[in-house]
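Spelled out, the chains give:
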Amino acid sequence: RAVVLFALAFAFIYGFREALFGPSITRAVIDSAGLFGVRLDIGQIRGSYLADLALVGLQGGSEAPDDPVRALHADEVRLEYSLPRWLFGQGEVLQDIRVRGLALTLDLPAMRTGTRRGGGAAPRAGPSADAETPTSSTATPGGFPVLPHIRLEDSRLLLTAGTLSAEFVGLQGEAHHF
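Residues numbered from 1 in each chain as written. Predicted model: local features only at pLDDT ≥ 70, side-chain atom pairs only at ≥ 80, totals over all residues. Heavy atoms only, no water.

## Examining the overall build of the chain
- Scanning the chain for helices and strands turns up three helices and seven strands.
- Scanning the chain from its N terminus toward the C terminus, one meets helices and strands in the order α-α-β-β-β-α-β-β-β-β.
- Put simply, the chain has 178 residues, and 29% of those count as buried.
- Taking contacts inside the chain between residues at least 6 apart in sequence as the whole, the part at least 24 apart equals 51%.
- Roughly 11,800 Å² of accessible area belongs to the chain as shown, and the carbon and sulfur atoms make up 64% of that amount. (Helix = DSSP H or I, 4+ residues; strand = E, 2+ residues; numbered from the N terminus. Buried < 20%, exposed > 50% of the residue type's maximum accessible area, 1.4 Å probe, protein only. Contact = heavy atoms within 4.5 Å. Areas by Shrake-Rupley, 256 points an atom, 1.4 Å probe, with all protein chains shown as cover.)

Okay, structure coming up:
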């Protein structure tokens, strides 16, 4: 009987996962983007939630003069991950990121180095001296975290600088972790 009740409860939770967990995940993603000064709206979240999530209909950008991200749109951002690795702290949780239909507008003058939102110094590349030392399973020999496999499909990049602009369309690409 306990097994049947557990199975029914699991089926209920899994069947209603989007209604139960979707709003919390949406809020977490939007709040995380806000930490970088980017306003973000998500049309829908789909996926198994156990191994993947798909963020559908992303829209956003920033109005701040010192923020280079002027506009952001993605038809779909699919994240594949290992929930057991996350639960047990085994590193390399995020395994694959697929971005389809990305349209990104960047303002080049806002990308100048040396300043950032709040007036502080721009973050430097690489790990900081006081950063926690990554383990061998989560970092490259240079101390950088291992990135997941990233795919970019049917995307567009618009670079602006005052009245000048350059647009790159039909962008495709893959980056593999090493």
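## Quick notes on the pattern of salt bridges
- For the structure shown, the criterion picks out eight salt bridges.
- Across the salt bridge formed by arginine 78 and aspartate 52, the nearest N and O atoms sit 2.6 Å from each other. Taken together, the residues arginine 78 in strand S3 (residues 69–81) and aspartate 52 in strand S2 (residues 52–61) connect sequence positions 26 residues apart.
- Overall, the relative accessible area of 14% leaves aspartate 52 in the buried class.
- Between aspartate 75 and arginine 100 there is a salt bridge, and its shortest N-O distance comes to 3.8 Å. A residue pair is termed long-range when its members are at least 10 positions apart, and aspartate 75 in strand S3 and arginine 100 in strand S4 (residues 94–100) qualify at 25 residues.
- Within the structure, one salt-bridge network assembled from shared partners comprises Asp52, Glu76 and Arg78. (Salt bridge = Lys/Arg side-chain N within 4 Å of Asp/Glu carboxyl O.)

## Some details on a nonpolar patch on the surface
- On the surface, Phe12, Ile13, Phe16, Leu20 and Phe21 cluster together to form a nonpolar patch covering roughly 490 Å² of accessible area.
- Of all the secondary structure elements, the ones that give two or more residues to the nonpolar patch are helix H1 (2–15) and helix H2 (17–35).
- Following the sequence through the fold, phenylalanine 21 ends up in helix H2.
- Relative accessible area serves as the criterion here: at 39%, phenylalanine 21 is assigned to the partly exposed category. (Patch = residues over 30% accessible without salt bridge, like charges linked within 9 Å, V, L, I, M, F, W, Y side chains within 5 Å.)

## A word on H2
- With 19 residues, H2 should cover 27 Å at 1.5 Å per step; its first-to-last C-alpha distance of 26 Å lies within 8% of that length.
- Of all the bends found along H2, the most pronounced is centred on proline 23 and spans about 25°.
- Looking at H2, one finds that the buried residues are Arg17, Gly22, Thr26, Ile30 and Ala33.
- Here the buried face of H2 lies against H1 and strand S1 (39–46).
- Glycine 37 sits one or two positions beyond H2 and adopts a positive phi of about 80°. (Expected span 1.5 Å × (residues − 1). Bend = angle between axes of the 7 residues up to and from the residue.)

## Regarding the environment of proline 23
- Along the chain, the position of proline 23 falls in helix H2.
- On the basis of relative accessible area, proline 23 is assigned to the exposed category, the value being 52%.
- In sequence terms proline 23 and isoleucine 45 are 22 residues apart; their C-alpha atoms lie 8.7 Å from each other.

## Topic: the confidence of the model for the chain
- Overall, the predicted model of the chain reaches an average pLDDT of 79, with 78% of residues at or above 70.
- Low pLDDT, under 50, characterises residues 113–136; the predicted model gives this stretch 23 contacts beyond four residues in sequence or across chains. (pLDDT = per-residue confidence, 0-100.)

## So, the layout of surface pockets
- Computed from the structure, the second largest pocket encloses a volume of approximately 500 Å³.
- Elements with a minimum of two residues in the lining of the second largest pocket: H1, H2, S3 and helix H3 (83–87).
- The residue inventory of the lining of the second largest pocket, partitioned by class, reads 14 nonpolar, one polar and one charged. (1 Å grid on protein atoms, 1.4 Å probe; cavity = no way out; pocket = protein on both sides within 12 Å on 5 of 7 lines; lining within 4 Å. Points joined across faces, edges and corners; volume = space filled by probe spheres on them. Nonpolar A, V, L, I, M, F, W, Y, C, P; charged D, E, K, R; others polar.)

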